[in-house]
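# Report on the structure
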Amino acid sequence: MKKAPAISDAAIDSDGDVVSVTFADGASARFHAEWLRDNCQDETSRDPVNGQRLFQMADLPDNITVQTATPTAEGGLRVLFATDEHETSFSAQWLRANQYDRMRRLPSGWIDPSRSTFDASLADAMPTHDFATVTSSPDARKSWLSDQVRLGFSLLTNCPAKPGTVAEVARLFGFVRTTNYGEVFDVRSEADPINLAYTSDALSAHTDNPYRNPVPGLQLLHCLEAAGSGGESFVVDGFKAATKLNEDSPRHFAMLSEWPMRFEFRSADTWLVNEAPMIGLETSGELTSIRFNNRSATAPRLPFDATPGYYAAYRAFAKIINSPELAVSFKLSPGDLFVVDNTRVLHGRQAFSIEKGARHIQGCYADLDGLHSTLRLL
Ligand SMILES: O=C(O)CCC(=O)C(=O)O
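Residues numbered from 1 in each chain as written. Predicted model: local features only at pLDDT ≥ 70, side-chain atom pairs only at ≥ 80, totals over all residues. Heavy atoms only, no water.

## Remarks on the sheet that holds strand β11 (residues 203-206)
What holds strands together in a sheet is hydrogen bonding between their backbones, with the strands either parallel or antiparallel. Put simply, the test is: One bridge is not enough; two strands pair if DSSP finds at least two bridges between them. For helices the rule is a DSSP run of H or I covering at least 4 residues; for strands it is a run of E covering at least 2, with both sets numbered from the N terminus onward. Orientation is described by axes fitted as lines to C-alpha atoms, over the contacting stretch for helices, and by angles from 0 to 180 degrees between their N-to-C directions.
Reading across from one edge, β11-β22-β14-β20 is the order of the four strands in this open sheet, with antiparallel pairing throughout. Only two strands of the sheet have a single partner each, and these edge strands are β11 and β20 (327-330). Going from strand to strand, the sheet's axes swing by 15 degrees on average, the running direction of each strand aside. Alignment of β11 against strand β22 (residues 345-349), held across two bridges, turns out to be antiparallel.

Okay, here's the thing in structure tokens:
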């Protein structure tokens, strides 16, 4: 690490609440008295061996102020706190590395810059990778997984069109997550289906299993037999849709990120319920997750006065999600497999006819942390 310039000057505001320092290169920084006291680095404050803090926040006096702050001969800062007469030193290096007075609150709904959002035009530049190549080459696997993290979606071609391959692909980067649908599940038209996915009906854009907590981070769908007619797949970037909602109406965006939807799945042996916002934000405002599923959303129970605004926001979000400008459409052939980040990218399919051949897709779930771990190691 580059050595920080020495501290050449220090001043305290009239209340003793804030210390301003000037570095030899002319840069300046401000620190609150309370922040400095909490972050004292001396050996009565931090264990000299492991660096862990030795006091409790509750032990510190209220209304901490600084009595004196002076540059040291070594270029650091000597501080005497007025409230508890604690005296300590900070190096210029440490203060520069931990400076916070230029931190900015980011707008609600900001997206990690390592992600790229997409719309329908991605169909002209599909993130396509070859099964045999990603299996044999670590570089090719890295490129595939990087696309997956950047876009939340990737397509793998020339996979063996054999049952079980989907789990084999998941094991290239992590572990299969078994659910009540099994380790792998067969998506085809069935009599008396436990899920509308197991029919020949169209499925509108959705994320899977929002009724679970946590939801599966990744979904893999592998084509074993294509539909004779219909059955085209599509994906929609939920981050793009949420960003559009925020641009059109920050009020709607706030509604869906503050109030939860209730999601439910029930069959003879399973009853899953989860209540969570459709748009998930970190406390920093970062957009981190989308839950959207028309089939499994159930009656929301919100404060009476919030309900009309919630429905207006829900309808506006649904219209954006269903707009053709966002849907990337493609038809799977036997051996094609796509992966979606199920916390971000929605997927769906067109209705298909079963007269001209049985469509058969096999799917499985996996967790995102395994994929990120494999990518870091690669
Ligand atoms: O049939 C398909 O293409 C997709 C099925 C699906 O959306 C699902 O299993 O979640």
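Now that the structure has been shown, we can carry on.
## Some details on the site of the ligand
Note the threshold: Here a residue is near a molecule or strand as soon as one of its heavy atoms is found within 4 Å of it. Under the rule applied, a polar contact is a pair of N or O atoms within 3.5 Å (in protein, one hydrogen donor and one hydrogen acceptor; residues adjacent in sequence only if both atoms are side-chain atoms). Working definition of accessibility: Shrake-Rupley area with a 1.4 Å probe, residue cover restricted to the visible protein chains. Cavities and pockets are defined on a 1 Å grid built over the protein atoms alone: a cavity is a set of grid points where a 1.4 Å probe fits but cannot escape, while a pocket is an open set with protein on both sides within 12 Å along at least five of seven lines, and lining residues are those with an atom within 4 Å of any such point. Any molecule with more than half of its atoms within 2 Å of a cavity's or pocket's grid points is counted as sitting in it.
Close to the ligand lie V187, L203, H206, D208, Q219, L221, H347, R349 and R359. Between the ligand and H347, the relevant distance is 3.1 Å, taken from an oxygen atom to a side-chain nitrogen or oxygen of the residue. One of the side-chain N or O atoms of R359 is found 2.7 Å from an oxygen atom in the ligand. In isolation the ligand offers 290 Å² of accessible surface; the protein chains occlude 97% of this area. Structurally, the ligand is housed in the largest pocket. Elements that contribute at least two residues to the shell around the ligand include exactly β11, β12 (218-225) and β22.

## Description of the nonpolar core
Heads up, the condition is: Here the nonpolar core consists of buried residues drawn from Ala, Val, Leu, Ile, Met, Phe, Trp, Tyr and Cys, with membership extended through side-chain atoms lying within 4.5 Å. Exposure is judged per residue with a 1.4 Å probe applied to protein chains only, and the accessible area is read against the type maximum: over 50% gives exposed, under 20% gives buried, and values in between give partly exposed. Residue contacts follow a heavy-atom distance rule, with two residues in contact if any of their heavy atoms lie within 4.5 Å.
Core analysis: the biggest nonpolar cluster contains 53 residues, and F153, V235, I279, I290, F292, F317 and F338 have the highest contact counts within it. Here this core takes seven residues from helix α8 (residues 307-321), the largest share from any one element. Ignoring any residue separated from it by four or fewer positions in sequence, one finds F153 in contact with F118, L122, M126, P127, D147, Q148, V235, F330, F338, V339, V340 and V345. The next biggest cluster of nonpolar side chains, apart from the first, holds 23 residues, and it includes F131, L156, V339 and A366.

## Notes on the pattern of salt bridges
Keep this limit in mind: Only one rule defines a salt bridge in this text: a Lys or Arg side-chain nitrogen within 4 Å of an Asp or Glu carboxyl oxygen.
For the structure on display, the rule yields twelve salt bridges. Of the charged contacts, one joins D101 and R30 as a salt bridge, the two residues approaching to 3.4 Å between their closest N and O atoms. Of this pair, D101 sits in the loop between α2 (92-97) and β7 (128-130) while R30 sits in strand β3 (residues 28-32), and the two are 71 residues apart along the sequence. Take D101: its relative accessible area is 15%, and that puts it in the buried class. For D341, the salt bridge is made with R115, and the minimal N-O distance between the two is 4.0 Å. Here R115 lies in the loop between α2 and β7 and D341 lies in strand β21 (residues 337-341), a separation of 226 residues in the sequence. D341 sits in the buried class, given a relative accessible area of 5%. Several salt bridges converge on common partners, so that one network encompasses R30, D101 and R102.

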